[in-house]
Every structure is written in structure tokens, then in C-alpha cells.
Amino acid sequence: MINVKKILSFILITTFTFGGLFGCTNGNSDTSKDSRVIGACLAQTNITAFGNHLYLDLVEMCKDNGWELICMDAERDSTKEAQNVDTLLLHDIDLFVYWPYDKEAALVNVKKVKDAGLPVVLMNADIPEEGWEDTDAYIGPDQIAMSSEIGEYFVEKLGGSANVAIIDGTPGTTQYL
């Protein structure tokens with residue numbers, strides 16, 4: 001099983017390291033591990049067990065590395081998500097971690113953060129291709145490939161005949177690219 005905390009920690013440390021080398025930080029000249037502040041805007045933390053687990057892993061990973069975490073929950077609301085991004089940009093953060101809820105709003109939010117000179121790490125949900133140039137890393141599944149593989153698995157297991165199979169999610173979220 002994949003250890004999400006280790007992968008997330010590796011990605012964030014790598015982003016900090018290369019961000020510091022290439023000037024992709026908020027201007028904080030102290031590059032010690034203790035001085036880092038992560039601003040996180042998450043699609044949901046209290047609505048599902050998965051969201052809560054992801055949040056708790058992020059908290060623990062930051063604690064283990066001596067980083068401060070400022071985390072905001074969008075509660076599956078794109079307006080609140082945009083407000084959270086604006087609020088995080090008022091803080092002196094070194095890195096922006098983003099689990100976007102709304103794919104179209106995510107493009108605007110990622111651009112805004114990148115224009116503020118901060119590295120952007122997407123988590124769990126990708127954004128449309130035109131936003132990739134404004135992101136520094138992505139941690140999460142390939143939703144389209146994963147869905148295709150699940151569909152192919154069921155077709156094979158059912159011998160190619162079944163009445164109906166429905167794979168559902170929240171319409172408009174970033175998983176629907």
C-alpha cells in the first residue's frame with residue numbers, strides 16, 4: 001500500500017528545495033525546515049472520511065517536519081474555495097497545497113497563487129490542462145485512467161454482459177475533466 005504521508009512529504013520537501021533554488025518562494029530568506037509555512041485549501045475535510053483522513057495526514061506530515069500549517073476547508077463550495085485562497089494569500093506562506101473542488105474555479109485560483117510567486121502543489125484532484133503551467137507538482141490518481149480501468153475490470157468480470165453499471169461522483173468537481 002502507498003504511504004501518502006511519505007509521498008506528500010517528499011513532494012513538498014522537493015518543491016521547497018527547488019523553489020528556494022529557483023526563486024519560487026514568498027521571499028522568506030530563511031530556508032530552514034522549521035521556518036516553512038504551508039497554506040492548504042482543501043475541497044472538503046469534514047464531509048467524508050477520506051477528506052478527513054487526508055487532512056489529518058497533512059497535519060501530521062507538517063508536524064513531523066516542523067512546518068506550520070494554515071488549512072482551510074472549502075466544504076464543497078467553489079465560492080468559499082475562492083475566498084479561502086484569497087485569505088491564504090494574506091498570510092506569509094511558502095507553499096500552496098490545493099485540493100480543488102471546482103475545475104473551472106481551480107484555474108483562476110491556481111493562476112492567482114502562481115502570480116503571487118508561490119509554488120502550487122495539487123493534491124487528489126487534477127485541473128484542466130490549461131492550468132498545468134501554473135502548477136509545480138501533482139499528488140494523486142489519474143482519475144480518467146482509474147475510471148477506465150475499473151470499467152474494463154467489471155466488463156471482464158461480468159463476461160461482457162450486465163444490465164447497468166453506474167460510477168458516480170459530484171458533478172462539476174475536478175474529477176470530471
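Here is a short report on the structure shown in this document. (Residues numbered from 1 in each chain as written. Predicted model: local features only at pLDDT ≥ 70, side-chain atom pairs only at ≥ 80, totals over all residues. Heavy atoms only, no water.)

### Focus on the pattern of salt bridges
With the rule as written, the count across this model stands at 5 salt bridges. Notably, a salt bridge pairs Lys80 with Glu75, separated by 3.1 Å at the nearest N-O pair. By relative accessible area, Glu75 is classed as partly exposed at 45%. (Salt bridge = Lys/Arg side-chain N within 4 Å of Asp/Glu carboxyl O. Buried < 20%, exposed > 50% of the residue type's maximum accessible area, 1.4 Å probe, protein only.)

### Let's talk about helix α3 (residues 78–90)
The first and last C-alpha atoms of α3 sit 19 Å apart over 13 residues, in line with the 18 Å expected at 1.5 Å per residue. Taken together, the buried positions of α3 are occupied by Glu81, Asn84, Val85 and Leu88. Taken end-on, α3 shows its buried residues confined to a sector of 100°, consistent with a single buried face. Turned more than 90 degrees from where α3 packs its buried face, Thr79 and Leu90 sit exposed. The inward-facing, buried residues of α3 contact β1 (37–42), β2 (68–73), β3 (95–99) and α4 (103–115). Capping of α3 at its N-terminal end is provided by Asp77; its side-chain oxygen lies 2.8 Å from the backbone amide nitrogen of Thr79. (Helix = DSSP H or I, 4+ residues; strand = E, 2+ residues; numbered from the N terminus. Expected span 1.5 Å × (residues − 1). Arc of directions from axis to C-beta. Contact = heavy atoms within 4.5 Å. Polar contact = N/O pair within 3.5 Å; in protein donor to acceptor, adjacent residues only side chain to side chain.)

### What about the sheet that holds β1?
Hydrogen bonds along the backbone pair up the strands of a sheet, which may run parallel or antiparallel. With parallel pairing, the 5 strands of this open sheet are ordered in space as β2-β1-β3-β4-β5. Whereas interior strands pair on both sides, the edge strands pair on one side only; in this sheet they are β2 and β5 (137–139). Averaged over all pairs of adjacent strands, the angle between their axes in this sheet comes to 20°, without regard to strand direction. As paired strands, strand β4 (residues 120–123) and β5 are joined by 3 bridges and run parallel to one another. Across the sheet, the residue bridging to Val121 is Ala137, located in β5. (Pairing = 2+ DSSP bridges. Axes fitted to C-alpha atoms, helices over the stretch in contact; angles between N-to-C directions.)

### Observations regarding a nonpolar patch on the surface
Taken together, the side chains of Met146, Ile150, Tyr153, Phe154 and Leu158 make up a nonpolar region of the molecular surface, amounting to roughly 470 Å² of accessible area. Within the fold, Met146 resides in helix α5 (residues 143–157). (Patch = residues over 30% accessible without salt bridge, like charges linked within 9 Å, V, L, I, M, F, W, Y side chains within 5 Å. Areas by Shrake-Rupley, 256 points an atom, 1.4 Å probe, with all protein chains shown as cover.)

### Let's talk about the pairing of β4
Because side chains alternate across β4, one face comprises the buried residues Val120 and Leu122, and the other comprises Val121 and Met123, equally buried. Of the crossover connections in this fold, the one passing from β3 over α4 to the parallel β4 is right-handed. (Right-handed = clockwise from strand over helix to strand, strands pointing away.)

These figures capture arrangement, not role.
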